[in-house]
Amino acid sequence: MHLMSARRIAEQVATRKVSAAALYGDLLERIAAENPRLNAIVHLDPDAGLAEARAADERAARGEALPLLGVPFTVKDNIWVRGQPVRQGSRLFQDFVAPEDAVAVARLRAAGAVFAGITNCSEFACKGVTTNLLHGPTRNPWDVTLTPGGSSGGAASAVAAGLAPLALCTDGGGSTRRPAAHVGVVGMKPSAGVVPHPIGFAEPVFGNSVIGQMARSVADVALMLDVLAGPDPRDPQSVAVSGPFVDATANPDPAGLRIAYSPRLGLGAPVDPEVAACVERAVHRLADAGAIVEEADPVWPEGAGESGLMPLQFAGLAALHGERYRARPDLFDPDIAQQIEAGLRTSGAEVARALHLREEAYRALAALFTRHDLLVCPTTPVTAWPFDRLGPATIEGRSVTPRGHAVFTPLFNHCYAPACSVPCGVAGSGGLPVGLQIAGPRLSDAAVLRLAAVVEATCGYAAPILQQFS
């Protein structure tokens, strides 16, 4: 039962074939058995969860057929859940209790979903692996010596291991998509403004971070996004989009879609040959299914990479936490401390240059989408690596920085574009998951999900993932 889809759970609960309370009890047993080796869920409230599950059963008895009735969901440790400790993986917030629900949490609950715990993340969600001084490291269910990536590694491990079918995450530079790729599940970063987020912690990078969705299938991600999308006047980025998204994933047909295949996203970054081959096989299947595939890269402005745009994150962290860091540096993860120190040295002119560069990058990606409907590329250039390292030392035989694994995701945040990672196969001697990333113009979220569903179907990869941890 722990590997049932969200849609199936909601249907079974609504028709009273399955009790949401019984399902939640089974889930607690699953978490007790699997979570100690993963450290994916860092806070549970069984009484609250059971009360919500019983309420779902009562709603079913009244004839309510809500889209997520009785479906368990986890929440990343930087998204507010009323009455629960939400700590951002930081000792600074170890005593913080959220005074209200984030909009996304409130909408999931209104749709009948059941809170199933808080998942681990890196401190302030600003690192590409999931470890912190407060909760320690999260491990990859495929191999517990490896990382699930970050910063939503707790969510990814929980979904992959069957600890909950749905996960609410954040994605400020790939924090939903990269962990999803490393554990073989689906991770969606919606267009900026599709899911409003006016309630909660301040974000270090203004405009970049969005509420992400993670599940074991594209259809479940789409179902979740249908519940979450919709404007909120308190969010200045908030926009209205047409739906339902789940319709885009039903019997999708790629015929005639103009797809730009960008093996290195125009950045010249190294890619592990086995990852590249896995992604290329998936792209060939898209062409065989009728898509019009052409190899093409965005023509990015000079400097449109980590070095040119990371000053925004560094300065944001320094603005939010610099004073506390000066007073109590011992409370901070050393990797985050380095970023704060860099932010304290960053000038206003450097921040302004990065903002101008972001606008140029936005126009560069928009230019590509005048000729192509969607873009596909690897989600990450490597499979998962040991959990005690920030990143692999080399990729494709070339030395890389600790962020070398993250090169293919952040630009879509800076461009406010939708992007989805969908499993496309396995690579390496250990047979570790590989993700294909699909991106489109801003507000083309339905088209991105439609192509993700095609990849899922043509690669035939969802079923083995679901069996891995049964």
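Residues numbered from 1 in each chain as written. Predicted model: local features only at pLDDT ≥ 70, side-chain atom pairs only at ≥ 80, totals over all residues. Heavy atoms only, no water.

**Here we look at the overall build of the protein**
This is how the line gets drawn: A helix here means a DSSP run of H or I that spans at least four residues, while a strand means a run of E at least two residues long, and both kinds are numbered starting from the N terminus. C-alpha atoms define the radius of gyration, and 2.2 Å times the number of residues to the power 0.38 defines the globule rule. Accessibility here uses a 1.4 Å probe with only protein chains present; expressed as a share of the type maximum, an area under 20% marks a residue as buried, one over 50% as exposed, and anything in between as partly exposed. To be clear on the numbers: accessible area is Shrake-Rupley with a 1.4 Å probe, and residue cover counts the displayed protein chains and nothing else.
For the protein, the helix and strand inventory stands at 14 helices and 13 strands. Taken against the 2.2 N^0.38 rule, which gives 23 Å for 470 residues, the C-alpha radius of gyration of the protein at 20 Å falls within 12% of a compact globule. For the protein, the C-alpha atoms occupy an extent of roughly 60 × 60 × 45 Å along the three principal directions. Here the protein holds 470 residues, and 61% of them are scored as buried. Entry remark: accessible area of the protein is about 16,800 Å², with carbon and sulfur atoms responsible for 52%.

**Structural notes on the UniProt feature "domain: Amidase" (unreviewed entry) in the protein**
Rules: UniProt positions are given in the numbering used here, feature names are shortened, and annotations may be inferred rather than shown by experiment.
As recorded in UniProt, the feature "domain: Amidase" (unreviewed entry) lies at residues 27-449. Along residues 27-449 one finds 34% helix and 15% strand; the C-alpha atoms at either end are 28 Å apart.

**A look at the pairing of strand E6 (residues 210-215)**
Inclusion rule: Strand pairing is assigned whenever DSSP detects at least two bridges linking the two strands.
Of all six residues making up E6, six are buried, and the element is well covered by its neighbours. With six bridges joining them, strand E4 (residues 166-171) and E6 adopt antiparallel strand pairing. Each residue of the ladder has a partner; that of leucine 166, found in E6, is alanine 215. Pairing analysis gives three bridges linking strand E5 (residues 186-189) to E6, with the strands arranged antiparallel. Looking across to E6, one finds that glycine 187 is bridged to methionine 214.

**Describing helix H2 (residues 20-38)**
The condition is simple: Given the number of residues in a helix, its expected span is that number minus one, multiplied by 1.5 Å. Two residues qualify as a contact provided that any one of their heavy atoms is within 4.5 Å of a heavy atom in the partner residue. Two N or O atoms form a polar contact when they lie within 3.5 Å of each other; inside protein one atom must be a possible hydrogen donor and the other a possible acceptor, and for residues adjacent in sequence the pair counts only when both atoms belong to side chains.
Here H2 is 19 residues long and its end C-alpha atoms lie 25 Å apart, about the 27 Å a rise of 1.5 Å per residue gives. Taken as a whole, H2 has its buried residues at Ala20, Ala21, Leu23, Tyr24, Leu27, Arg30, Ile31, Glu34, Asn35 and Leu38. Where the residues of H2 are buried, they touch helix H1 (6-14), strand E1 (41-43), helix H3 (46-61), strand E2 (72-76), strand E3 (114-119) and helix H5 (153-160). Two or three places before alanine 21, at the start of H2, stands the capping residue serine 19, its side-chain oxygen 3.2 Å from that residue's backbone nitrogen. Remark: asparagine 39 follows H2 within two positions and exhibits a positive phi of approximately 55°.

**Here we look at the pattern of salt bridges**
For clarity, the cut-off: Put simply, a salt bridge is a Lys or Arg side-chain nitrogen that is within 4 Å of an Asp or Glu carboxyl oxygen.
Enumeration over the complete set of coordinates arrives at 12 salt bridges. Put simply, aspartate 335 and lysine 127 hold a salt bridge, and the shortest N to O gap is 3.0 Å. Pair noted here: aspartate 335 is in helix H10 (residues 334-345) and lysine 127 is in the loop between E3 and H5, with a separation of 208 residues, a long-range link. One salt-bridge network, in which partners are shared between bridges, spans Glu52, Asp101 and Arg109.

**Brief notes about the sheet that holds E1**
Filter applied, for reference: Think of each axis as a best-fit line through the C-alpha atoms, taken over the contacting stretch in the case of a helix, with angles from 0 to 180 degrees between the N-to-C directions.
Within the open sheet, the 11 strands sit side by side as E1-E3-E2-E4-E6-E5-E12-E13-E9-E7-E8. Their pairing is mixed. Only two strands of the sheet have a single neighbouring strand rather than two, namely E1 and strand E8 (292-295). Between one strand axis and the next, the sheet turns through 30° on average, direction left out of account. The strands that H2 touches are E1, E2 and E3; relative to E3, the one it contacts most, it runs at about 15°.

**Thoughts on the packing of helix H4 (residues 103-110) against helix H7 (residues 218-228)**
Selection rule: Every angle not falling under 35 degrees, over 145, or within 65 to 115 is termed oblique; those three ranges are roughly parallel, roughly antiparallel and roughly perpendicular.
Running from N to C, H4 and H7 cross one another at 105°; their axes reach a closest spacing of 9 Å. The orientation of H4 relative to H7 falls into the category roughly perpendicular. Residues Ala104, Arg107 and Leu108 of H4 form the contact with H7, whose own contacting residues are Met224, Val227 and Leu228.

**Digging into the packing of H2 against H3**
How two helices sit against one another is set out by the angle between their axes and by the gap between those axes. How we decide: In this classification, the charged set is Asp, Glu, Lys and Arg, the nonpolar set is Ala, Val, Leu, Ile, Met, Phe, Trp, Tyr, Cys and Pro, and all remaining amino acids, among them Gly, are polar.
Direction vectors running N to C along H2 and H3 enclose 150°, while the axes themselves pass 7 Å from each other. Considering the angle they form, H2 stands roughly antiparallel to H3. Across the interface between the two elements, Ala20, Ala21, Tyr24 and Leu28 of H2 pack against Pro46, Gly49, Leu50, Ala53, Arg54, Ala56 and Asp57 of H3. Here the residues of the contact of H2 with H3 are counted per class, giving eight nonpolar, one polar and two charged.

**Details of the packing of aromatic side chains**
Here is the rule we go by: To pair, rings of Phe, Tyr and Trp, with the six-membered ring standing in for Trp, must have centres within 6.5 Å; the planes then decide the type, stacked if under 30 degrees apart, edge-to-face if over 60, and tilted in the middle.
Applying the stated criterion across every chain yields a total of 10 aromatic pairs. Ring centres of phenylalanine 93 and phenylalanine 124 lie 6.3 Å apart, and the angle between their planes is 90°; on these two criteria the pair is classed as edge-to-face. Here phenylalanine 124 lies in the loop between E3 and H5 and phenylalanine 93 lies in the loop between E2 and H4, a separation of 31 residues in the sequence. Ring geometry for phenylalanine 124 and phenylalanine 332: centres 6.4 Å apart, planes at 50°, overall tilted. In this pair, phenylalanine 124 sits in the loop between E3 and H5 while phenylalanine 332 sits in the loop between helix H9 (306-327) and H10, placing the two residues 208 residues apart along the sequence. Using a relative accessible area of 3% as the deciding quantity, one classes phenylalanine 332 as buried. In this structure an aromatic cluster arises from ring pairing among Trp80, Phe93, Phe96, Phe124, Phe201, Tyr325 and Phe332.

**What about unusual backbone geometry?**
Across the chain, the bulk of peptide bonds are trans and the bulk of non-glycine residues have phi less than zero. For the bond from glycine 150 to serine 151, the omega torsion is 10°, close enough to zero to count as cis. We note that phenylalanine 124 has phi near 60°; this positive angle belongs to a residue other than glycine. Residue class for phenylalanine 124 comes out buried when judged on its relative accessible area of 4%. You will see that leucine 443, though not glycine, has its phi angle at about 75°, which is positive. Mapped onto the elements of the fold, leucine 443 is located in the loop between strand E13 (432-439) and helix H13 (445-459).

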